[in-house]
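As a plain string of letters, each chain reads:
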Amino acid sequence: MQIQDIITLYAPATGEALGSVPALSTQQIDTMMTTATHKWPEWSQTTLETRSNLLKRWSAILRRDAEKIAVLVSKEISKAYADSLKEVIRTADLIDYVADDALRMIGEAYRGDQFPGGSQRKIAFSHYVPLGVVLAISPFNYPINLAAAKIAPALMMGNSVIFKPATQGALSGVALIDALIEAGLPKGLVQLATGRGSVIGDYIVQHPAINMISFTGSVGIGRHISGLAAMIPQVHELGGKDAAIITDLANEKHIISELISGAFGYSGQRCTAIKRIFVLDSLADQLVSSLQAAMPTVTVGLPETNAMVTPLIDTKSADFVQELIDDAINQGATVLFGNTREGNLLSPTLLDNVTPAMRVAWEEPFGPVLPIIRVASIDEAIHLTNESEFGLQASIFGSNIDDIFSIAQKLQVGTVNINGRSERGPDHFPFSGIKNSGMGVQGIRRSLESMSRQQMTVLNIQK
Ligand code: NAP
Ligand code: G3P
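Residues numbered from 1 in each chain as written. Chains lettered and ligands numbered in written order. Predicted model: local features only at pLDDT ≥ 70, side-chain atom pairs only at ≥ 80, totals over all residues. Heavy atoms only, no water.

Novice: Give me the overall build of the protein: which residues, what numbers.
Specialist: Along its length, the protein carries 14 helices and 24 strands. Here the C-alpha atoms of the protein give a radius of gyration of 24 Å, agreeing with the 23 Å that 2.2 N^0.38 yields for 463 residues. Once the C-alpha set of the protein is aligned to its principal axes, its extents read approximately 80 × 65 × 40 Å. When contacts within the protein are restricted to residue pairs at least 6 apart in sequence, long-range pairs at least 24 apart make up 71% of them. Total accessible area on the protein stands at roughly 19,100 Å², and carbon and sulfur atoms take up 55% of it. Treating the 37 positive side-chain charges of the protein as one cloud and the 45 negative ones as another, the clouds have centres 9 Å apart. (Helix = DSSP H or I, 4+ residues; strand = E, 2+ residues; numbered from the N terminus. Rg over C-alpha atoms; globule rule 2.2 N^0.38 Å. Contact = heavy atoms within 4.5 Å. Areas by Shrake-Rupley, 256 points an atom, 1.4 Å probe, with all protein chains shown as cover. Lys, Arg positive; Asp, Glu negative; His and termini not counted. Charge placed at Lys NZ, Arg CZ, Asp CG, Glu CD.)

Following this line, the structure appears as C-alpha cells:
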C-alpha cells in the first residue's frame, strides 16, 4: 500500500496551518487521465441545457458559501478578505455568464456555389464540439476566479478537466471543486491534480491524454510548458509590466487614485498591476508630489484588516521585490515612500528617477513597488513601453482624446486602457497578452471557443 504524500499549506501572513492536499504520484495521475479520457465523450452527449444548469447550480453554491470560501482564500494567499469575497462573487458571475453565453454560440453555414465552379447541391455547416481532456493550470493570485475561468468554459463545451491548482491556493481550489461536486458534477469529469508543479508538472503537461492546455502563471513556467507540450492547442496568460503613460494632469485626482489602486491592489500581485509610470519631465514634479502625498492612504496590514498591501505570498517573492528596489537605489533611484520590510510584509514603495538601466524598469516585481520613469517626450514613453519583453496591458491618462488614441495605436500590448488602470475584468472582455505576456486569448467567449473546435458537416444533395 503506497503511503500518500501530502502537502500542508500554511497562511503566508501568520504561519497558521490551514490544511493539506495530496501530492499525487505519476501512477495516480495516470489513473486520473484514464478516467478523464473516458468521461468526456459521455459528457459531450449531454444537452447544453444540462451543462448550463450544472454551472448555474455551481454558482449558486459559491454565492451561498462566499464568505466561508473568502475566509479560506484570504488566509491561503494573504489577500484582503474584502478582495477575496469580491473574487468569489465575481467567479459566480463569471460561471453564470459562461452558462448563458455558450447557448448563444452558433456555427456557420456555407453553399458550395459560393466558390467558383462549386455546386449548389453541396451545403455545409459547422457546429462546436469539445476537444476532449482540458488541462487547467491556475496561478496563486486568483485561486478561485482564474481556475473557474478555465473549468467553466471547458465543461460548457463538453470537455473533461484535469485541474492543477497553484499549490499555495490548492485548498481554495478544493473548495471550488467541492462546490461543483455538490452541484451535481458527474464523478470524474473534473479532477484535482494537486502536487507541486516542479514535481508533477512536466508529467501532466506531456501526458498523451491531454488535448488542450490553458495555463495562467509566470513567463518562465509558461514558456517551459509551451516547449514541452505535444501538438495540442494551448492558451497562456503570463506576466506583465503594464505601463501607465501620463500625458497631462487635467484630471489629477482620478489619475492618482487609479495609479495607487492599480499599482498596490493585492500588494501588486496582479499580472495587470501598473508596474511602471512614464511621465513627461514637464509634469513629473507635480505628479511626484501628488503621488507622494497619496501614499499614506495605501493601507498596510494583515488580510483580515482588508489592507491593500499584505504580506507577500512567500519569502522568495519578497526577497525578489527587495532585490529590485535595492538595485534601483544602488543605481540612483530616489525612494519617495516606503522601502521598509517586516518579514514578507513590504511597505508600498514609490521610486522616482528610475532609469532604463535599472532592473525595476523592466522586470515584473509582483509586489508593492511603483517606479516612476521621467521622459522627455511621449515618443520616448511609447518606445520604452514597447521595448518591454511583456505586452499585456497599458494605460494612458490625459484629456486630449485624439492624442491618446494616437498613442494607443502605437502600443504593442493586448489591451490599452484609456483614463483607467489596467485590469482583466470585466471577465467577458477578451483578455490577451503578446510577447512574454502570453499567447491566445481568454475572456469568456474566447475561452469557450478555445476549448472547442468547429466540426464541419457537408451535405451532398443528390437530386
Ligand atoms: P507560477 O509559479 O508560474 O505557477 C503557475 C502554475 O503553474 C501553478 O499552478 C504552478 O504549480 C504550476 N506549475 C509550476 N511548474 C509547473 C510545470 N513544470 N508544469 C506545469 N505546471 C507548473 O506562477 P504563480 O506564482 O502562481 O503566479 C504568478 C505569476 O503568474 C506572475 O508572473 C503573474 O504575472 C502571472 N499571472 C498572469 C496572469 C494573467 O492573466 N496574465 C494572471 C495571474 C498571474 P505550483 O504552485 O505547484 O508550483
Ligand atoms: O493577475 C491576475 C489577473 O488576471 C488580474 O486580474 O481583474 O485584477 O486585473 P484583475
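Anyway, onward from the coordinates.
Novice: Give a description of the packing of helix α5 (residues 145-156) against helix α6 (residues 170-182) that names residues and reports values.
Specialist: Any two packed helices are characterised by how steeply their axes cross, that is the angle between the axes, and by the distance between the axes. Axis separation between α5 and α6 bottoms out at 11 Å; the angle between their running directions is 30°. One element, α5, and the other, α6, form an angle in the roughly parallel class. Crossing of α5 over α6 shows right-handed handedness. Across the interface between the two elements, Ala147, Ala148, Ile151 and Leu155 from α5 touch Leu176, Ile177 and Leu180 from α6. When grouped by side-chain class, the residues that make up the contact of α5 with α6 number seven nonpolar, no polar and no charged. (Axes fitted to C-alpha atoms, helices over the stretch in contact; angles between N-to-C directions. Parallel < 35°, antiparallel > 145°, perpendicular 65-115°, else oblique. Left-handed = near helix turned anticlockwise from the far one by under 90°. Nonpolar A, V, L, I, M, F, W, Y, C, P; charged D, E, K, R; others polar.)

Novice: Can you tell me about the sheet that holds strand β16 (residues 369-375), naming the residues and giving the values?
Specialist: As summarised here, the arrangement of the seven strands in space is β12-β15-β16-β11-β10-β18-β19, forming an open sheet in which the pairing is mixed. Unpaired on one side and paired on the other, β12 (334-337) and β19 (415-418) mark the two borders of the sheet. Neighbour to neighbour, the strand axes of the sheet diverge by 25° on average, direction disregarded. (Pairing = 2+ DSSP bridges.)

Novice: Lay out the side chain of Glu237 in plain terms, naming residues and giving numbers.
Specialist: By the secondary structure assignment, Glu237 is in strand β9 (residues 234-237). One buried charged residue, Glu237, remains without a salt bridge, the closest side chain of opposite sign being Lys150 at 7.2 Å. Engagement of the side chain of Glu237 in a polar contact is seen with the backbone nitrogen of Gln442, the distance being 3.3 Å. In this view, Glu237 contacts Phe215, Thr216, Gly217, Leu392, Phe431, Ser432, Gly433, Ser437, Gly440, Val441 and Gln442; residues no more than four positions away in its chain are not counted. (Buried < 20%, exposed > 50% of the residue type's maximum accessible area, 1.4 Å probe, protein only. Salt bridge = Lys/Arg side-chain N within 4 Å of Asp/Glu carboxyl O. Polar contact = N/O pair within 3.5 Å; in protein donor to acceptor, adjacent residues only side chain to side chain.)

Novice: How would you sum up the pattern of salt bridges? Please name residues and give values.
Specialist: Opposite charge on two side chains makes pairing possible when the charged atoms of those side chains draw close. Counted by the stated rule, this structure contains 21 salt bridges. A salt bridge links Asp319 to Arg341; the shortest N-O distance between them is 2.7 Å. Taken together, the positions of Asp319 in helix α11 (residues 315-330) and Arg341 in strand β13 (residues 341-342) put the pair 22 residues apart, joining distant regions of the chain. Exposure remark for Asp319: the relative accessible area of 37% places this residue in the partly exposed category. Here Arg359 and Glu363 are joined by a salt bridge, their closest N and O atoms 2.5 Å apart.

Novice: Give a description of the site of ligand 2 that names residues and reports values.
Specialist: Lining the immediate surroundings of ligand 2 are Arg90, Asn141, Tyr142, Leu146, Arg270, Cys271, Thr272, Glu423, Arg424 and Gly425. Between an oxygen atom of ligand 2 and a side-chain N or O atom of Thr272, the distance comes to 2.6 Å. Protein chains shield 95% of the accessible area of ligand 2, which is 300 Å² for the free molecule. Cavity membership is defined here by more than half of the atoms lying within 2 Å of grid points; on that basis ligand 2 lies in the second largest pocket. Structurally, the shell around ligand 2 is a two-domain feature, drawing no fewer than three residues from each of domain 1 (5-238 + 438-460) and domain 2 (242-430). (Near = heavy atom within 4 Å. 1 Å grid on protein atoms, 1.4 Å probe; cavity = no way out; pocket = protein on both sides within 12 Å on 5 of 7 lines; lining within 4 Å. Sits in = over half its atoms within 2 Å of the grid points. Domains from an automatic or database assignment.)

Novice: Please provide a residue-by-residue account of the sheet that holds strand β8 (residues 212-216), values included.
Specialist: In spatial order, the strands read β7-β6-β5-β8-β9-β22; together these six strands make up an open sheet with mixed pairing. Unpaired on one side and paired on the other, β7 (190-192) and β22 (438-439) mark the two borders of the sheet. Relative to β8, strand β5 (residues 133-137) runs parallel, the two being bridged by four bridges. Looking at β8, one finds that Ile137 is bridged to Phe215. In the packing of helix α1 (residues 26-44) onto the sheet, the strands contacted are β5, β6 (160-164) and β7, and the crossing angle to β6 comes to about 150°. Seen against the sheet, helix α7 (residues 197-205) touches β5, β6 and β8 and runs at an angle of roughly 155° to β5.

Novice: So what's going on with the site of ligand 1? Which residues, and what values?
Specialist: Every one of the 30 residues lining ligand 1 counts as a neighbour, but Thr167, Gly197, Ser218, Leu238 and Glu364 are closest to it. Contact between ligand 1 and Phe140: an oxygen atom at 3.0 Å from a main-chain N or O atom of the residue. Contacts to ligand 1 include Asp202, whose side-chain N or O atom sits 3.0 Å from a nitrogen atom. If ligand 1 stood free it would expose 900 Å²; the protein chains cover 87% of that surface.

Novice: Account for the environment of Ser59, naming residues and giving values.
Specialist: By the element assignment, Ser59 lies in helix α2 (residues 48-64). In this structure the C-alpha to C-alpha distance between Ser59 and Ala179, which are 120 residues apart in sequence, comes to 8.4 Å. Apart from residues no more than four positions distant in its own chain, Ser59 is found in contact with Ala92, Ile95 and Asp96. From its side chain, Ser59 meets the backbone oxygen of Lys56 in a polar contact 2.9 Å long.

Function cannot be inferred from these measures alone, as they are strictly geometric.
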